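Descriptive analysis of the structure
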Amino acid sequence: MPKITWIGQSAVLVEGERTKFIIDPYITDNPDIKNGLKPEDISVDYILVTHGHWDHLGDTIKIAKNTKATVIAPFELITYLQGKGIENVHPMHIGGAHRFSDDFWVKLTIAHHGSAVMNEEEGIVYTGNPCGFVVEIDNKKIYHSGDTGLFLDMQLIGENRLDLAMIPIGDNFTMGPEDGARAVEFLKPKMVMPMHYLAWDLIRQDPDEFVKLVGDKAEVKILKPGDSLEI
Ligand code: NI
Ligand code: MN
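Reference entry: report on the structure contained in this document. Because the structure is predicted, anything quoted here is derived from the model rather than measured.

The rules behind the values
- Residues numbered from 1 in each chain as written.
- Chains lettered and ligands numbered in written order.
- Predicted model: local features only at pLDDT ≥ 70, side-chain atom pairs only at ≥ 80, totals over all residues.
- Heavy atoms only, no water.
- Salt bridge = Lys/Arg side-chain N within 4 Å of Asp/Glu carboxyl O.
- Helix = DSSP H or I, 4+ residues; strand = E, 2+ residues; numbered from the N terminus.
- Buried < 20%, exposed > 50% of the residue type's maximum accessible area, 1.4 Å probe, protein only.
- Pairing = 2+ DSSP bridges.
- Axes fitted to C-alpha atoms, helices over the stretch in contact; angles between N-to-C directions.
- Contact = heavy atoms within 4.5 Å.
- Donors = N, O, S within 2.8 Å, 3.2 Å for Na, K, Ca; no water.
- Tetrahedral: all angles 85-135°; square planar, octahedral: opposite > 155°, others 65-115°.

1. As for the pattern of salt bridges
When their charged atoms lie close together, side chains carrying opposite charge are able to pair. Inspection of every chain in the model, using the stated rule, returns ten salt bridges. Here glutamate 185 ties to lysine 217 by a salt bridge, and the two come within 4.0 Å at their closest N and O atoms. Of this pair, glutamate 185 sits in helix H5 (residues 177-187) while lysine 217 sits in the loop between helix H6 (207-214) and strand S15 (219-220); the two residues are 32 residues apart in sequence, bridging distant segments of the chain. Looking at lysine 217, the relative accessible area reads 34%, which means it is partly exposed.

2. Notes on the sheet that holds strand S2 (residues 11-15)
Taken in spatial order, the seven strands of this open sheet run S6-S5-S4-S3-S2-S1-S16, and their pairing is mixed. The strands lining the two open edges of the sheet, one partner per strand, are strand S6 (89-92) and strand S16 (228-230). If you compare each strand with its neighbour and ignore which way they point, the axes differ by 20 degrees on average. Running over the sheet, helix H3 (residues 75-83) touches strand S5 (70-74) and S6 and is turned about 135 degrees from S5.

3. Some words on the coordination of the nickel ion (ligand 1)
Bound to the nickel ion (ligand 1) on the protein side are His51 (NE2), His53 (ND1), His113 (NE2) and Asp147 (OD), at distances that span 2.1 to 2.3 Å. Taken together, the four donor atoms coordinating the nickel ion (ligand 1) span angles of 89 to 174 degrees at the metal, a pattern that classifies the geometry as irregular. As a motif over one chain, the donors of the nickel ion (ligand 1) read H-x1-H-x59-H-x33-D. A gap of 3.3 Å separates the nickel ion (ligand 1) and the manganese ion (ligand 2), which aspartate 147 links by coordinating each metal. Relative accessible area serves as the criterion here: at 15%, histidine 53 is assigned to the buried category.

4. Details of the coordination of the manganese ion (ligand 2)
In this structure, Asp55 (OD), His56 (NE2), Asp147 (OD) and His196 (NE2) serve as the protein donors to the manganese ion (ligand 2), at separations of 2.1 to 2.3 Å. Expressed as a motif, the donor residue spacing for the manganese ion (ligand 2) is D-H-x90-D-x48-H.

Laid out in C-alpha cells, this is it:
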C-alpha cells in the first residue's frame, strides 16, 4: 500500500513498495513544515513538478543533484532545469502518459494557472504551462492537481477511478473550499486530501468547512503537515 505524506503546501512524498517520488518539493522556507525537514533528508527515485512557481519548484534542483532522481515535468520547465545542470530528466506534456516501470505510470493533466519561474537573478522566465499528475503506483491511482482553478474536464480525470485526489483549497490563487468540493463531485475519488491552505494568511482555510461541503461524496483526509496516510 503506497504511503502518502503531506509535507506541506503542495509537497507530497509517495512511497510505494519499490518506487519513491516527491511532488512539488517545496521544503526550504515552507511555513507548513514544523519538524525541521530539510531537502537533504529526501531520498527518492523521481521528482514530479507541476509548475515553475517557487512554492512548487521549491528544492527540485537541490534534491535532483543530491539524489540523481529523475525529474518529470512539462517540457519547457525541464529545459529550464537542464540549464541549471540537472541531467536526469524526463520531459512530458499535457495529455501524455508514460510507463516508467511495472509499478509506476504518470500522465500529465491540464491545470488552469501560471508557471513562470520568478526570482531576483533571472526576473520572469517562461517555463511553459502548468500541469497536474495522474499517477499509478502499486496499482493505485492518485491525482495531484497542482495549482488550478476548477475545470469541468475533471470529469474526464475522474474516469481514472482515483483512489486519492489531492487538490488545493486555499482560494485566491487556486480553488477554494467550495470549488474544491465541486472538484470532488467531478473527480469521484475514494479519498480526497486538501492542500495549499495553511502556509499564509491569504490562503488560510478551515479544512472542516471543506469536509462539510464534500459531505458523503468522498472520504476527506485532513492531515497535518508531516502526517501520512495509506491508500
Ligand atoms: Ni502556483
Ligand atoms: Mn502555489
